[in-house]
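Chain by chain, the residues run as shown.
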Amino acid sequence: MPKPLLWAWAVTTAALYGVLAYGSYVTMPSLAGGMLGFDMRPLGMNASDGATYMAAMTDAGRLYYLTWLKPLDTAFIAALVVLGVALSRTFDGRLLWMSVVAALVYGVMDLAENQMVASLMKEAQGGSDPEFALIAWATRSKFAAIAVMALTLLAQWRRSPRHG
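Residues numbered from 1 in each chain as written. Predicted model: local features only at pLDDT ≥ 70, side-chain atom pairs only at ≥ 80, totals over all residues. Heavy atoms only, no water.

With that out of the way, let us pick up helix α3 (residues 59-91). Between its terminal C-alpha atoms α3 stretches 46 Å, which fits the 48 Å expected from 33 residues at 1.5 Å a residue. Most pronounced at tyrosine 65, the bend in α3 amounts to some 45 degrees. Once α3 ends, the next one or two residues include aspartate 92, with phi positive near 60 degrees. (Helix = DSSP H or I, 4+ residues; strand = E, 2+ residues; numbered from the N terminus. Expected span 1.5 Å × (residues − 1). Bend = angle between axes of the 7 residues up to and from the residue.)

Okay, a nonpolar patch on the surface next. Together, Tyr17, Tyr22, Tyr25, Val26 and Leu36 make up an exposed nonpolar region whose accessible area comes to about 470 Å². Considering the arrangement of structural elements, one finds leucine 36 in the loop between α1 (3-30) and α2 (47-56). (Patch = residues over 30% accessible without salt bridge, like charges linked within 9 Å, V, L, I, M, F, W, Y side chains within 5 Å. Areas by Shrake-Rupley, 256 points an atom, 1.4 Å probe, with all protein chains shown as cover. Salt bridge = Lys/Arg side-chain N within 4 Å of Asp/Glu carboxyl O.)

To continue, consider the side chain of serine 88. Within the fold, serine 88 resides in helix α3. Not counting residues within four places of it along the chain, the set of residues in contact with serine 88 comprises Leu96, Ser99, Val100, Leu153 and Gln156. (Contact = heavy atoms within 4.5 Å.)

This part is about the nonpolar core. Core analysis: the biggest nonpolar cluster contains 36 residues, and Met28, Phe38, Tyr53, Met54, Tyr65, Tyr106 and Met121 have the highest contact counts within it. At the level of elements, α1, α2, α3, α4 (96-123) and α5 (129-159) are the ones that each hand at least two residues to this core. The element best represented in this core is α3, accounting for 12 residues. Ignoring anything within four residues of it in the chain, the contact list for methionine 121 reads Met28, Tyr53, Met54, Met57, Arg62, Tyr65 and Leu66. (Core = buried A, V, L, I, M, F, W, Y, C linked by side-chain atoms within 4.5 Å. Buried < 20%, exposed > 50% of the residue type's maximum accessible area, 1.4 Å probe, protein only.)

In this section: the pattern of salt bridges. For the structure shown, the criterion picks out 4 salt bridges. Across the pair aspartate 59 and arginine 62 runs a salt bridge, and its minimum N-O distance is 3.7 Å. Of this pair, aspartate 59 and arginine 62 both sit in helix α3, 3 residues apart, which is roughly one turn of the helix.

See the structure below:
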């Protein structure tokens, strides 16, 4: 990817995250009794907290998640995966494939997490312990994958002849 396009993509991805962060850290908690959502907790949400969160979620919160936040998050996930892969290829090196795989795993896990949360929001019922456990696993997996992606990209960048 040409450097100007890479920079433009990075700025676009950051802007998407800014809007998404506001929705996730400000708007959604205001519609869910002040609680942070499933995907804002790197270690996941246990079944008790999940049930409390879903019980506190208003109809307006469900609608906001399904019609605004989930589509925006989907766009952000796609943008971040593309950015991660593009940076991997730009830096090249021995960790290229690890970075690419980590980016793809992150995308799959985050999309899966969002789909499971959307199912709960559509049902407007509490959810079951196995559902909450599966969402928590996807959440932990996506955060682990994004950490691996970031660390491998950093290592690639440090070893790159283009560094600096």
